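Residue strings, one per chain:
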Amino acid sequence: MMNIENNTSISIEPNLKNYASLTKSFDWNKERGHLDGLPGNKGLNIAYEAVGRHAKGPNKNTVALRWIQKNYAVKDFSYHDLDELSSRFANVLSSLNIKKGEKVFSLTGRIPELYIAALGTLKATSVFCPMFSVFGPEPIFQRLSKGDARVLVTTKELFEKKVKQLLDRLPSLQFILLTDEKQHANKKILSLSKLMEEASGAYTIPPTDPEDPALLHFTSGTTGMPKGALHVHGAVLMHYITGKYVLDFHEGDVFWCTADPGWVTGTSYGIIAPLVNGVTNIVDEEEFDAVRWYSILEQQEVSVWYTAPTAIRRLMRIDEIPKDKYNLHRLRLICSVGEPLNPEAVIWGEKAFGMPILDNWWQTETGGIMIANYLSMIVKPGSMGKPLPGVEAAIAEVTDSGFHLITEANKQGHLVLKKGWPSMFRNYLHEEERYKKCFRGDWYITGDLAKKDEEGYFWFVGRADDIIKTSGHMVGPFEVESALMENPAVAEAAVIGKPDPLIGEIVKAFVVLKKGTEPTENTKLEIIGFARKKLGPAVAPKEIDFIDVLPKTKSGKILRRLLKARELGLPEGDVSTLEQS
Ligand code: AMP
C-alpha cells in the first residue's frame, strides 16, 4: 500500500511540525507550563483547566459547547456559561454533603446536564463516572454497586425504566438527581433543575492534588466483570498535549468527537481535551445517521473531526463522495480511534474528504492517545503511527515468567508502554491485584499485540486474546479482515480462530455483504479465493459465514470473543456493552 503525504488544501501550520525534533526536545514540565494550575498554587484540577481559566480570559464568550438536539435545534454554551453552570453543580454536591473522592454517576443521553455534571463533579473533587444510557438494568447495577455510587444524575424516563427497580440493592446510592423533573419527589429523588436554581454560580475549587482521583471508566475484560479504571486530575496534561499535537487544535477550531462519554473517548476527547484547548466542542444528541453527520460537518463548519472505524465503514458502504455533495471547506483533519483502521478506510478518506483519515491508538487504561498519525508525518495506511512525544512505547515478549523488549523491527509481540505518562490509570477500583498484573517492572502491558517497523511506525496485530494460532502461524484478525474488506462484495468482516484437531485453529470469517450481493455459495468461494490470493492459503479464511450484523460494543468495537463463544456454544461472558441492534 502506498504511503500518503498529508497535504490538505487548508494551510494552517500544524502544532507538531517535526516529529523527530519534538520527541527529542519534549519536556513534560515545559508542557505543564501551558496549563494554569489552580490559583494560589493550589494544585491541578481538570475542570479549572477546561473551563475555569477560560471563563476569566479572552475565551470567556467563545462557544465552549454547541449542543445539537435531535430536531437539529442548536443551543450554545460559552466558556463563561459552562463555568457558571458547573460551579452550580459543584455547589449542589456540597449542599448534599458529597465529599472529595465520592462517586457521582451519570446515566443520560448526550444532553448538556451530562457535561455540566462532569465538570461540576471534577470541580468538587468528587469522582465522575459516566454510563451509556443504553445500558440495561443489570450492567447499570454492576457499575453503580462496584463503583460505590453516592449520586446518580439521570432522566425521569431512564430512572423509571432502568434504575428504580435496583434501588433496594443499592443502599449506598444516596441521591438520584433527575434532570427533567421540576419538584423533589422525596429526600432521595430530587429535581436537579430545582437544586441548580437554588445553588450559587460561584464556587472556589478546593486544593486538588494532581494525584487526586477524578474519573472512573468501566471497561469490559474478556472474562469476568467490568473493571473500573481510575484516573486522576493530572491526566489533564495528556488531554492538553494530545489535543494540541494530535487533534492539532488551533484558536477558532470547531471540533466534533462523535463518541459518547459512556466510553472513555467521549470524556477525554468529547469533553476535556477540546475545552482545555479552548476550542468549540460540538455535541450531537442523536445517534449515527450518514446524512445527519455530513450535514453537521457542513452546517457547523467542523474543522477537526474525531470518529471511529465502525462509523467510517458505515459511511464507506454508502456510495457517496461527501466532498462533492457537501460544503466541507473548513474540514482539515479527520482522526479515528477505537479499532484498527483498515488501509482501505484511510485511502477512502482521500477520495471522500480529500485527506487521509489519521488513525490513533489508546485504551481506557491509558486515559489519552498514546500512538498516533500526525498531520506533518507521512501516513502509512494501516499503521497506528508513532508514540506521542513524551510517551515510550515498545514491543516486548511477555511470558508468565519473563519479559524482554524486542528490538528487532517487524517482530510481533506485546505492545507495552513505559510507566509514568500523566493519564495512566492509577488502579482498577477494588482490584489492586488485577492492576498489578498489568505491569512488569516499569512497563505497562496493554493486552494488544503489535509490530514496530524500521521507521518506528507501530502496526496493530490484534488483542492478545483474539490472536489465532493456525498451523504454527500466529495470525492477527486485523490483517485478514483488512484483506477481506478490499473485496468489493464485503462491507465488514470479523475473524476468529476455530479450534481444529489438525492445525490448532482454522481461520474463520464472519462477513457482512454489501447491499445487492447475494449470500450464495459462489460468493463465499469467490471471497475465499480472493483472500487466498492476498494472504496465502495459511492465513486466508477456510470458512466463511455470512451474517447480517456483527456483534459490537456500544463504542463500536467488534466483539470477536462473542462470535467465538457463539460459534463454539460457550457461555457469552460479560455482554453488558453489547449493542442491541
Ligand atoms: P477501550 O479501552 O474500550 O477503549 O478499548 C481499547 C482497545 O481498543 C485497545 O486495547 C485496542 O485493542 C483497540 N483499539 C483502540 N484503538 C485502536 C487502533 N487505532 N487500532 C487498533 N486497535 C485499537
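Since the model is a prediction, treat every value here as computed from it, not as a measurement.

A few words now on the overall build of the chain. Check the secondary structure of the chain and you find 18 helices and 28 strands. By the compact-globule yardstick of 25 Å for 581 residues, the chain fits well, its C-alpha radius of gyration being 23 Å. Per-residue burial over the chain gives 61% buried out of 581 residues. In the chain, of all internal contacts separated by at least 6 residues, the share reaching a separation of at least 24 is 68%. On the chain, roughly 23,200 Å² of surface is accessible, and the fraction owed to carbon and sulfur atoms is 50%. On the chain, the mean spot of the 70 positive side-chain charges and the mean spot of the 73 negative ones are 3 Å from each other.

Our next topic: the pairing of strand S18 (residues 403–406). Direction of pairing for strand S17 (residues 393–398) relative to S18: antiparallel, over a ladder of four bridges. The residue of S18 that forms the bridge with Val 398 is Phe 403. What sits between S17 and S18 in their antiparallel hairpin is a turn of four residues.

Bringing the environment of Ile 4 into the picture now. Relative to the helices and strands, Ile 4 resides in the segment before helix H1 (19–25). Considering only alpha carbons, one finds Ile 4 and Val 379, 375 residues apart in sequence, at a separation of 4.9 Å. Here Ile 4 is in contact with Val 346, Ile 347, Glu 350, Pro 356, Ile 378, Val 379 and Pro 381, once residues within four sequence places are set aside.

This next bit is on unusual backbone geometry. The phi dihedral of Asn 97 falls on the positive side, at around 65°, and the residue is not glycine. With respect to the secondary-structure elements, Asn 97 resides in the loop between helix H4 (79–95) and strand S3 (103–107). Positive phi is not limited to glycine here, since Asp 148 has a value of about 50°. Assignment of secondary structure puts Asp 148 in the loop between helix H6 (137–146) and strand S5 (149–154).

Interaxial distance between H4 and helix H5 (residues 112–123) falls to 7 Å at its minimum, and their mutual angle equals 60°. Here H5 runs oblique to H4, going by the angle between their axes. Pair H4 / H5 crosses with right-handed handedness. Residue-level contacts link Leu 82, Asp 83, Leu 85, Ser 86, Ser 87, Phe 89, Ala 90 and Leu 93 of H4 to Ile 116, Ala 117, Leu 119, Gly 120, Thr 121 and Lys 123 of H5.

Time to look at the nonpolar core. Counting 158 residues, the largest nonpolar core has Phe 89, Leu 177, Trp 305, Tyr 306 and Phe 353 as the members making the most contacts within it. The residues touching Phe 89, leaving out its near neighbours within four places in the chain, are Val 104, Ile 116, Ala 117, Gly 120, Thr 121, Val 153, Leu 177, Leu 192 and Met 196. One finds Val 475, Val 480, Ala 483 and Ala 509 within the second-largest nonpolar core, a separate group that totals 20 residues.

Of the two faces of strand S12 (residues 304–307), both are covered, the one formed by Val 304 and Tyr 306 as well as the one formed by Trp 305 and Thr 307. Sheet analysis places strand S10 (residues 254–257) next to S12, joined by three bridges and oriented parallel. Following the sheet pairing, Phe 255 is matched in S12 by Val 304. Where S12 meets strand S13 (residues 333–336), four bridges bridge the pair, whose relative direction is parallel. Paired with Thr 307 across the two strands is Ser 336, which belongs to S13.

As a further point, take the site of the ligand. Close to the ligand lie 16 residues; Asp 359, Asn 360, Gln 363, Thr 364 and Asp 448 are nearest. Within the side chain of Gln 363, one N or O atom sits 2.8 Å away from an oxygen atom of the ligand. The side chain of Asp 448 places a nitrogen or oxygen atom 2.8 Å from an oxygen atom of the ligand. Relative to its unbound accessible surface of 490 Å², the ligand loses 91% to contact with the protein. Looking at the shell around the ligand element by element, the count peaks at three residues for strand S14 (residues 358–361).

This part takes up the pattern of salt bridges. Scanning the model with the defined rule gives 41 salt bridges in all. Two residues, Lys 244 and Glu 31, come together in a salt bridge whose shortest N-O distance is 2.9 Å. Of this pair, Lys 244 sits in helix H9 (residues 236–245) while Glu 31 sits in helix H2 (residues 28–32); the two residues are 213 residues apart in sequence, bridging distant segments of the chain. Residue Lys 244 is classed as buried on the basis of its relative accessible area, which comes to 13%. The shortest N-O distance in the salt bridge between Arg 313 and Glu 339 comes to 2.8 Å. Of this pair, Arg 313 sits in helix H12 (residues 309–317) while Glu 339 is found in the loop between S13 and helix H14 (343–353), placing the two residues 26 residues apart along the sequence.

Attention shifts here to the side chain of Thr 258. If you trace the backbone, Thr 258 turns up in the loop between S10 and helix H10 (264–276). Discounting residues that sit within four places of it in the chain, Thr 258 has contacts with Trp 293, Trp 305, Tyr 306, Thr 307 and Ala 308.

With that out of the way, let us pick up the domain arrangement of the chain. Domain annotation for the chain reports domain 1 (32–452) and domain 2 (467–568). Placing the centre of domain 1 and that of domain 2 at their C-alpha centroids yields a distance of 32 Å. When the two sides are added together, the surface that domain 1 and domain 2 hide from each other amounts to roughly 1,700 Å², 61% of it contributed by carbon and sulfur. Inspection of the region where domain 1 meets domain 2 yields two salt bridges. Ionic pairing is found between Arg 317 and Glu 492, a salt bridge with its closest N-O pair at 3.1 Å. Seen at the junction of domain 1 and domain 2, the total is six residue pairs in polar contact (both at pLDDT 80 or more). Of all the secondary structure elements, the ones that give two or more residues to the side of domain 1 that touches domain 2 are H12 and H14. Ranked by the residues each element gives to the side of domain 1 that touches domain 2, the list is headed by H12, at three residues. Across the side of domain 1 that touches domain 2, the residue classes tally to eight nonpolar, seven polar and four charged.

Take the environment of Glu 286 next. Locating Glu 286 in the fold gives a position in the loop between strand S11 (280–284) and helix H11 (290–299). Accessibility expressed as a relative area gives 27% for Glu 286, which makes it partly exposed. Taking the C-alpha atoms as reference, Glu 286 lies 8.8 Å from Asn 71; in sequence the two are 215 residues apart. In this view, Glu 286 contacts Lys 70, Arg 110 and Arg 292; residues no more than four positions away in its chain are not counted.

Right, let's get into the state of the cysteines. Applying the stated criterion across every chain yields a total of zero disulfides. There is no disulfide at Cys 129, and the cysteine sulfur nearest it, in Cys 257, is 17 Å away. For Cys 129, a relative accessible area of 0% translates into the label buried. Unpaired in this structure, Cys 335 has its nearest cysteine sulfur neighbour in Cys 257, at a distance of 10 Å.

Conventions we followed
Residues numbered from 1 in each chain as written. Predicted model: local features only at pLDDT ≥ 70, side-chain atom pairs only at ≥ 80, totals over all residues. Heavy atoms only, no water. Helix = DSSP H or I, 4+ residues; strand = E, 2+ residues; numbered from the N terminus. Rg over C-alpha atoms; globule rule 2.2 N^0.38 Å. Buried < 20%, exposed > 50% of the residue type's maximum accessible area, 1.4 Å probe, protein only. Contact = heavy atoms within 4.5 Å. Areas by Shrake-Rupley, 256 points an atom, 1.4 Å probe, with all protein chains shown as cover. Lys, Arg positive; Asp, Glu negative; His and termini not counted. Charge placed at Lys NZ, Arg CZ, Asp CG, Glu CD. Pairing = 2+ DSSP bridges. Axes fitted to C-alpha atoms, helices over the stretch in contact; angles between N-to-C directions. Parallel < 35°, antiparallel > 145°, perpendicular 65-115°, else oblique. Left-handed = near helix turned anticlockwise from the far one by under 90°. Core = buried A, V, L, I, M, F, W, Y, C linked by side-chain atoms within 4.5 Å. Near = heavy atom within 4 Å. Polar contact = N/O pair within 3.5 Å; in protein donor to acceptor, adjacent residues only side chain to side chain. Salt bridge = Lys/Arg side-chain N within 4 Å of Asp/Glu carboxyl O. Domains from an automatic or database assignment. Buried area = accessible area lost by both parts, 1.4 Å probe. Nonpolar A, V, L, I, M, F, W, Y, C, P; charged D, E, K, R; others polar. Disulfide = S-S within 2.5 Å.

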